[in-house]
Amino acid sequence: AQKITQTQPGMFVQEKEAVTLDCTYDTSDQSYGLFWYKQPSSGEMIFLIYQGSYDEQNATEGRYSLNFQKARKSANLVISASQLGDSAMYFCAMREGKGGNKLVFGAGTILRVKS
Amino acid sequence: KAGVTQTPRYLIKTRGQQVTLSCSPISGHRSVSWYQQTPGQGLQFLFEYFSETQRNKGNFPGRFSGRQFSNSRSEMNVSTLELGDSALYLCASSLEPARRLAGRTDTQYFGPGTRLTVL
């Protein structure tokens, strides 16, 4: 069974600094997708970044980048130049590779950006 | 393009009642998935619908059901509500798998959720 582990329940970061949120995964599939979502207190899940298992380069989307280490089965999210608006819950998720769109989520990491 | 919409946004019900939640996917998206989010269990997959057919189902009791209409809008129904059904219910839409390409088109986009409280 697929599993996502986020070991950091909460993180603090100073405004304008970079922060790394950890995510490790476990799967026997060769083809899978990894996602990061942000969930502010309003509840909406906001898509941040995606990495496919066959992608050779680490994904980047603006201030977000994904440090994908396939052999280690890790997909850490790096947020550069943190902003106060980045304070939220962050979820790592994996889509199963055998068809279908089911996502398996980690427990999440609460990020607080300090001014 | 309009995002995923969910109605109602908030709902209060009592034990034993039933409830129906609605989700309208992004235009052109034909796959709709539902998730339940609770503080204790986190985010859990309920089911996925594609072309009016349930493709995938999570580990939830039969009280939880859903359907999808020909315009891809989806509803989920919970019968005989229990206190433990209090949760944020999130709907997500994505492109049909046949057109899925590598990368972003694989992405699921979520709606704002329906917060259900069972008293």
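Residues numbered from 1 in each chain as written. Chains lettered and ligands numbered in written order. Predicted model: local features only at pLDDT ≥ 70, side-chain atom pairs only at ≥ 80, totals over all residues. Heavy atoms only, no water.

Colleague: Where do I start with the side chain of Glu48 of chain B in this structure?
Modeller: Tracing the sequence through the fold places Glu48 of chain B in strand β5 (residues 42-50). Its relative accessible area of 0% is what places Glu48 of chain B among the buried residues. Only 2.8 Å separates the side chain of Glu48 of chain B from the backbone nitrogen of Asn101 of chain A, close enough to count as a polar contact. Filtering out sequence-adjacent residues up to four positions away, Glu48 of chain B remains in contact with Gly100, Asn101 and Lys102 of chain A together with Ser31, Val32, Ser33, Thr53, Gln54, Arg55 and Asn56 of chain B. (Helix = DSSP H or I, 4+ residues; strand = E, 2+ residues; numbered from the N terminus. Buried < 20%, exposed > 50% of the residue type's maximum accessible area, 1.4 Å probe, protein only. Polar contact = N/O pair within 3.5 Å; in protein donor to acceptor, adjacent residues only side chain to side chain. Contact = heavy atoms within 4.5 Å.)

Colleague: Looking at this structure, how should I read the nonpolar core?
Modeller: Across soluble globular proteins, you tend to see nonpolar side chains buried next to one another. Ranked by size, the top nonpolar core spans 25 residues in total, and within it Ile4, Tyr25, Leu34, Trp36, Ile49, Leu77 and Tyr90 of chain A carry the most contacts. Secondary structure elements with two or more residues in this core: β3 (19-21), β5 (33-39), β6 (46-52), β8 (64-69), β9 (74-79), β10 (88-95) and β12 (109-114) of chain A. In terms of residue count, the dominant contributor to this core is β10 of chain A (4 residues). Formed by 21 residues, the second largest nonpolar core is a distinct cluster that contains Ile26, Trp34, Phe47 and Val78 of chain B. (Core = buried A, V, L, I, M, F, W, Y, C linked by side-chain atoms within 4.5 Å.)

Colleague: I'm lost on the side chain of Thr114 of chain B in this one. Help?
Modeller: All names here are of chain B. Here Thr114 lies in strand β11 (residues 114-118). Looking at Thr114, its side chain comes within polar contact range of the main-chain oxygen of Pro8, at 2.5 Å. The residues contacting Thr114, other than those within four sequence positions of it, are Gln6, Thr7, Pro8, Arg9, Leu21, Ala87, Leu88 and Tyr89.

Colleague: Looking at this structure, I do not really get the interface of chain B and chain A. What am I missing?
Modeller: Quite often, the size of an interface is put as the accessible area lost when its parts meet. On the chain A side, the residues contacting the 24 residues of chain B number 18 residues. The contact between chain B and chain A buries some 1800 Å² in all, and 50% of this surface belongs to carbon and sulfur atoms. Here chain B is connected to chain A by 0 salt bridges. Applying the counting rule to chain B against chain A returns 8 residue pairs in polar contact (both at pLDDT 80 or more). Looking at the side of chain B that touches chain A, the elements that each hand over two or more residues are β4 (31-38), β5, β6 (53-57), β9 (87-94) and β10 (109-110) of chain B. Of all the elements, β4 of chain B adds the most residues to the side of chain B that touches chain A, at 4 residues. (Buried area = accessible area lost by both parts, 1.4 Å probe. Salt bridge = Lys/Arg side-chain N within 4 Å of Asp/Glu carboxyl O.)

Colleague: What am I meant to see in the state of the cysteines here?
Modeller: Cysteine pairs can be linked by a disulfide, which is a covalent bond between their two sulfur atoms. A complete count under the given rule lists 2 disulfides over all chains for this structure. Linked covalently through their sulfurs, Cys23 of chain A and Cys92 of chain A form a disulfide whose S-S length is 2.0 Å. The chirality of the disulfide connecting Cys23 of chain A with Cys92 of chain A is left-handed, given an S-S dihedral of about -60 degrees. Remark: Cys92 of chain A occurs in strand β10 and Cys23 of chain A occurs in the loop between β3 and β4 (24-26); sequence separation between them is 69 residues. Each disulfide pairs two cysteine sulfurs, and for Cys23 of chain B the partner residue is Cys91 of chain B, the sulfurs being separated by 1.7 Å. A torsion of -50 degrees about the S-S bond marks the disulfide between Cys23 of chain B and Cys91 of chain B as left-handed. A residue pair is termed long-range when its members are at least 10 positions apart, and Cys23 of chain B in strand β3 (residues 19-24) and Cys91 of chain B in strand β9 qualify at 68 residues. The same class applies to Cys23 of chain B as to Cys91 of chain B, namely buried. (Disulfide = S-S within 2.5 Å.)

Colleague: I tried to follow the sheet that holds strand β7 (residues 64-68) of chain B on my own but got confused; where do I start?
Modeller: To summarise the sheet geometry, strands pair through backbone hydrogen bonds and adopt either a parallel or an antiparallel arrangement. Residues and elements named next belong to chain B. Judged by pairing direction, the sheet is antiparallel, and its 4 strands sit side by side in the order β1-β3-β8-β7 without closing on themselves. For this open sheet the edge positions go to β1 (5-7) and β7, each flanked by a neighbour on one side alone. The average angle at which neighbouring strand axes cross in this sheet is 20 degrees, direction not considered. Bridge count between β3 and strand β8 (residues 74-78): 5 bridges; the pairing is antiparallel. Each bridged residue has a counterpart across the sheet, and for Val19 the counterpart in β8 is Val78. (Pairing = 2+ DSSP bridges. Axes fitted to C-alpha atoms, helices over the stretch in contact; angles between N-to-C directions.)

Colleague: Explanation requested: unusual backbone geometry in the structure shown.
Modeller: Generally, phi is negative for residues other than glycine and the peptide bonds are trans, each holding for most cases. Of note, the bond from Thr7 of chain B into Pro8 of chain B is cis; its omega dihedral lies within 30 degrees of zero at -10 degrees. Even without being glycine, Lys16 of chain A reaches a positive phi, approximately 80 degrees. By the secondary structure assignment, Lys16 of chain A is in the loop between β2 (10-14) and β3. With a phi angle near 75 degrees, Ser72 of chain B is a residue other than glycine that sits in the positive phi range. Turning to its location among the elements, Ser72 of chain B is positioned in the loop between β7 and β8. Taking relative accessible area as the criterion, Ser72 of chain B reaches 10% and is therefore assigned buried.

Just distances and angles here, no functional claims.
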